[in-house]
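Summary of the model geometry
Each chain is listed here by its residues.
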Amino acid sequence: MRSTRVSKRNATFQQWQTLLTNRTKRTRAGEFIVQGVRPITLAVEQGWTVRSFLYADGARLSQWAKDLLASTPAAHFALAPELLAELAEKDEGAPEMLAVVEMPPDDLARIPTGAGPTLVFDRPSSPGNIGTMIRSIDALGGSGLIVTGHASDPFDSKCIRATTGSFFAVPTVRVDSHADVLAWVTDRRTKGERVAVLGTDEGGDATPHESDLTGSDVIVIGNETRGMTAAWREACDRVLSIPMTGSASSLNAASAATVVLYEAHRQRLTRASDAG
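Residues numbered from 1 in each chain as written. Predicted model: local features only at pLDDT ≥ 70, side-chain atom pairs only at ≥ 80, totals over all residues. Heavy atoms only, no water.

Per an unreviewed UniProt entry, the recorded name for the protein is rRNA methyltransferase, and the organism is Luteipulveratus halotolerans.

On to the pattern of salt bridges. Inspection of every chain in the model, using the stated rule, returns 15 salt bridges. Between Arg-123 and Asp-122 there is a salt bridge, and its shortest N-O distance comes to 2.7 Å. Asp-187 serves as the salt-bridge partner of Lys-191, at 3.2 Å between the closest nitrogen and oxygen. For Lys-191, a relative accessible area of 65% corresponds to the exposed category. You can call Asp-187 partly exposed: its relative accessible area is 37%. Among the charged side chains, a salt-bridge network with shared partners connects Arg-26, Asp-106, Asp-153 and Arg-174. (Salt bridge = Lys/Arg side-chain N within 4 Å of Asp/Glu carboxyl O. Buried < 20%, exposed > 50% of the residue type's maximum accessible area, 1.4 Å probe, protein only.)

For the rest of this paragraph, the subject is the domain arrangement of the protein. If you check the domain split of the protein, you get domain 1 (4-102) and domain 2 (108-275). For domain 1 and domain 2, the distance between their C-alpha centroids amounts to 31 Å. Every contact between the two is made by 15 residues of domain 1 and, on the other side, 16 residues of domain 2. The junction of domain 1 with domain 2 conceals about 1,300 Å² of combined surface from both sides, 55% of it contributed by carbon and sulfur atoms. (Domains from an automatic or database assignment. Contact = heavy atoms within 4.5 Å. Buried area = accessible area lost by both parts, 1.4 Å probe.)

In spatial order, the strands read 8-7-6-10-9-11; together these 6 strands make up an open sheet with parallel pairing. Each having just a single partner strand, strand 8 (172-175) and strand 11 (238-240) make up the two edges of the open sheet. The average undirected angle you get between the axes of adjacent strands in this sheet is 25 degrees. Here strand 9 (residues 197-200) pairs with strand 11 via 3 bridges, running parallel. Bridge assignment links Thr-200 to a residue of strand 11, and that residue is Leu-240. Across the sheet, helix 6 (residues 127-139) lies against strand 6 (118-122), strand 7 (144-148), strand 8 and strand 10 (218-221), angled at about 155 degrees from strand 7, the strand it touches most. (Pairing = 2+ DSSP bridges. Helix = DSSP H or I, 4+ residues; strand = E, 2+ residues; numbered from the N terminus. Axes fitted to C-alpha atoms, helices over the stretch in contact; angles between N-to-C directions.)

Written as structure tokens, this is what we have:
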């Protein structure tokens, strides 16, 4: 496929810029920018739709880049190196290639049931925390992430970078409120699936290691500053607290999620070992 040269900040370049800086326009366009060998490779391997590849005009491309360009149906754009570096949000140098990737629908059906726990991050204020949580879900056998309420955008470039590629292996869905999640949980329960809604809070009534986390539970992590809403607390079957020592009163939201995910993963491994 022939490439289109972009040597100045034309309308096409400005559209790519808005994917980085304007959430509303990014969502309306239904696409976002990805950089890095591993993230782009995983996006392709996991079946995400790549709409465009962007690379430096005149650069000598690696075999990895050549293979992707040859095997993936997408538009090709050769950018002036300084424009590519600008889209990569780097002061010096530019990545070899960027990808413009299509957003999947915000549909809870994308999250597999009967697998590991699903995390809910309610009203997160930091895209980096969302990304770190996605990385832990991927590493520790979670089934997906639901972001609820007025929150940071999972498709923000800071979030995508923080996942180091795990974003493309973990279904991540945005919903308006806790009611959407609870309706999804109710539907699963009516089909016979055992699903508990577990909150996390320093004043919880049980610790993770005292709780059975081997089911396909929904684990709620509240906002970094304010924690869970009263509505979420009311909806929880149980609220977990993480035992701590020292002067800290709580953990970072993504760290707390990782602790609970690890305990759930440990319990599933123990159960599988005992069954074997």
